[in-house]
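# A structural walkthrough
What follows is the residue order along each chain.
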Amino acid sequence: MKILNELKMEFDSRSVNEGLARSAISQFAAQLDPTLEELGDIKTAVSEAVTNAIVHAYPEHIGRVWLRVRVLEGGVLELVVRDRGVGIPNLDEARLPMYTTGGADRAGMGFTIMDSFMDTLKVRSDQGKGTTVTMRRRVLPRSFR
């Protein structure tokens, strides 16, 4: 698919930066003229991916999180969240609803939410090397809604 526009960000794995990522994605996605529901879904999926990187990738220190968002032909928004953290030991288990390694204050629904709010979700992870989450969502022109 042809790339029509692209944004790249890099930030510390600090919880305050989740809001920054959410806002930036919201502004960038606006060029596709999404409905409020579509925009809410996209922002929530990004929040989950970024929060996972912040909470789980770097449990002992502050690391880096990379975010890339692209508008592809056909009204497809592609979002990639990447870290170079500890990785996910068992990806199948991590993708199960209610599974978490983040303690009692975490619901374990991040991947489930991303999967339900986006058209596609791909997760690649290598222990000790990090995790890459790639999501896509097609935003139909308003004339087709």
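All of these numbers come straight from a predicted model, not from anything done at the bench.

## Quick word on the pattern of salt bridges
For the structure shown, the criterion picks out nine salt bridges. As a salt-bridge pair, Arg 64 and Glu 10 come within 3.1 Å of each other at their nearest N and O atoms. With Arg 64 in strand β2 (residues 64-72) and Glu 10 in strand β1 (residues 3-12), this residue pair connects regions lying 54 residues apart in the sequence. Taking the relative accessible area as the measure of exposure, Glu 10 reaches 44% and is therefore partly exposed. Through salt bridges with shared partners, one network takes in Glu 6, Arg 68, Arg 70, Glu 78 and Arg 136.

## Quick notes on the pairing of strand β3 (residues 76-83)
For β3, the buried fraction is high: seven of the eight residues fall into the buried class. Judged from the eight bridges that link them, β2 and β3 form a sheet pairing that is antiparallel. When the sheet's bridge partners are listed, Leu 72 is paired in β3 with Val 76. Count of turn residues in the β2/β3 antiparallel hairpin: three residues, of which Gly 74 carries a positive phi of about 85°. Here β3 pairs with strand β5 (residues 130-138) via eight bridges, running antiparallel. Each residue of the ladder has a partner; that of Glu 78, found in β5, is Arg 136.

## Some remarks on the nonpolar core
Counting residues in each nonpolar core, the largest one holds 31 residues, and the members touching the most others are Leu 77, Leu 79, Met 114, Val 133 and Met 135. For this core, the secondary-structure elements that each account for two or more residues are β1, α1 (16-29), α2 (36-57), β2, β3, α4 (110-117), β4 (120-126) and β5. By residue number, the principal contributor to this core is α2, which donates eight residues. Ignoring sequence-local partners within four residues, the contact set of Met 135 consists of Ala 45, Val 46, Ala 49, Leu 77, Glu 78, Leu 79, Met 114, Met 118, Thr 120 and Leu 121.

## Some thoughts on the packing of α1 against α2
Packing of α1 against α2 brings their axes to within 9 Å, and their N-to-C directions diverge by 145°. Judged by the twist between their axes, the crossing of α1 over α2 is right-handed. Where α1 approaches α2, its residues Glu 18, Ala 21, Arg 22, Ile 25, Ser 26 and Ala 29 are matched on the opposing element by Leu 39, Ile 42, Lys 43, Thr 44, Val 46, Ser 47, Val 50, Thr 51 and Ile 54.

## Section: the environment of Arg 64
Exposure remark for Arg 64: the relative accessible area of 30% places this residue in the partly exposed category. Between the C-alpha atom of Arg 64 and that of Arg 14, which follows or precedes it by 50 residues, the distance is 9.0 Å. Among the polar contacts listed, one links the side chain of Arg 64 to the side chain of Glu 10, at a separation of 3.1 Å.

## Focus on α1
With 14 residues, α1 ought to run about 20 Å at 1.5 Å a step, and its terminal C-alpha atoms sit 21 Å apart, in line with that. If you check which residues of α1 are buried, you get Asn 17, Glu 18, Ala 21, Ile 25, Ser 26, Phe 28 and Ala 29. Buried positions along α1 lie against β1, α2, β2 and β3.

Parameters at a glance
Residues numbered from 1 in each chain as written. Predicted model: local features only at pLDDT ≥ 70, side-chain atom pairs only at ≥ 80, totals over all residues. Heavy atoms only, no water. Salt bridge = Lys/Arg side-chain N within 4 Å of Asp/Glu carboxyl O. Helix = DSSP H or I, 4+ residues; strand = E, 2+ residues; numbered from the N terminus. Buried < 20%, exposed > 50% of the residue type's maximum accessible area, 1.4 Å probe, protein only. Pairing = 2+ DSSP bridges. Core = buried A, V, L, I, M, F, W, Y, C linked by side-chain atoms within 4.5 Å. Contact = heavy atoms within 4.5 Å. Axes fitted to C-alpha atoms, helices over the stretch in contact; angles between N-to-C directions. Left-handed = near helix turned anticlockwise from the far one by under 90°. Polar contact = N/O pair within 3.5 Å; in protein donor to acceptor, adjacent residues only side chain to side chain. Expected span 1.5 Å × (residues − 1).

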